Amino acid sequence: MLRIRPATLPDVALLRSMIRELAEFEHKLEFVTIREEDLTRDGFGENPRFRALIAEWDGQAAGYAFFFGSYSTWAGRGLFLEDLFVREPLRGRGIGKGLLASVARIAADEHCYGIHWEVLDWNKKAIDLYTELGATFRDGWRPVLLSDEALQRLAEKAR
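Quick caveat, the model's predicted, so the values are computed rather than measured.

Each helix and strand counted, the protein has five helices and five strands in total. The order of α-helices and β-strands along the protein, N terminus first, is β-α-α-β-β-β-α-β-α-α. In terms of principal-axis extent, the alpha carbons of the protein reach across some 55 × 35 × 30 Å. Buried residues in the protein amount to 31% of all 159 residues.

Take a look at the structure:
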């Protein structure tokens, strides 16, 4: 039934497709600019910047987890879970929990202190799942993003 495996180079088109499905679910599809070439270079080249797991349900692509290493000056090595996604018709079968458990196994095997991720405040099903699993929410912290023109303006000050 459920099989979780590491993503490989032939999965790049599938990964990009599911990334777009996640963005559509989050009502942010217009912001997806990643190309297959980017995923190929950054995930399967000489210096991989991310790892991904593919979940299959009865041989059908069901979802993915997309993550990379992080580092805490307080606690050491960790993982950041960028995406956790299960295709809508296959939700409610434990696939998301299976993907999270697989990332947790990797974190434990690699002696990471923990896994960080973000969840949209309106995604109650995900929040309930994370709470059920014992995850804690960092209410005193706010996610920050510097990008686009603001990133370029600040970068110019370093010259």
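Additional details are given in the paragraphs that follow.
This part covers the packing of aromatic side chains. Overall, the coordinates contain six aromatic pairs when judged by the stated rule. Both rings, one in phenylalanine 44 and one in phenylalanine 50, keep their centres 6.1 Å apart while their planes meet at 85 degrees; by these two values the pair is edge-to-face. Both rings, one in tryptophan 117 and one in tyrosine 130, keep their centres 5.0 Å apart while their planes meet at 75 degrees; by these two values the pair is edge-to-face. Placement of tryptophan 117 in strand S5 (residues 115-117) and of tyrosine 130 in helix H4 (residues 124-133) is noted, with a sequence separation of 13 residues between them. Here tryptophan 117 falls in the partly exposed class, since its relative accessible area comes to 25%.

Right, let's get into the side chain of aspartate 83. As for its position among the elements, aspartate 83 is in strand S4 (residues 76-86). Here aspartate 83 sits buried without a salt bridge, and the closest side chain of opposite charge, arginine 16, lies 12 Å off (N-O distance). At 2.7 Å, the side chain of aspartate 83 and the side chain of tyrosine 64 are in polar contact.

Its location among the elements puts serine 72 in strand S3 (residues 60-72). Accessibility expressed as a relative area gives 17% for serine 72, which makes it buried. A polar contact is formed between the side chain of serine 72 and the backbone nitrogen of tryptophan 74, at a distance of 3.0 Å. Here the side chain of serine 72 touches alanine 75 through a polar contact of 3.0 Å, landing on its backbone nitrogen.

Next up on the list: the nonpolar core. Ile95, Leu99 and Val103 are the most contacted members of the largest nonpolar core, which totals 19 residues. Listed by contribution, the elements that provide at least two residues to this core are strand S2 (51-57), S3, S4, helix H3 (95-109) and H4. The biggest single contributor to this core is H3, with five residues. Not counting the four nearest positions on each side in its chain, leucine 99 is found in contact with Ile4, Leu53, Ala55, Gly63, Tyr64, Ala65, Leu84, Phe85 and Val86. Listed in part, the 15 residues of the second largest apolar core include Met18, Phe50, Ala52 and Ile54.

Parameters and conventions
- Residues numbered from 1 in each chain as written.
- Predicted model: local features only at pLDDT ≥ 70, side-chain atom pairs only at ≥ 80, totals over all residues.
- Heavy atoms only, no water.
- Helix = DSSP H or I, 4+ residues; strand = E, 2+ residues; numbered from the N terminus.
- Buried < 20%, exposed > 50% of the residue type's maximum accessible area, 1.4 Å probe, protein only.
- Phe/Tyr/Trp six-rings, centres within 6.5 Å; stacked < 30°, edge-to-face > 60°.
- Lys, Arg positive; Asp, Glu negative; His and termini not counted.
- Salt bridge = Lys/Arg side-chain N within 4 Å of Asp/Glu carboxyl O.
- Polar contact = N/O pair within 3.5 Å; in protein donor to acceptor, adjacent residues only side chain to side chain.
- Core = buried A, V, L, I, M, F, W, Y, C linked by side-chain atoms within 4.5 Å.
- Contact = heavy atoms within 4.5 Å.

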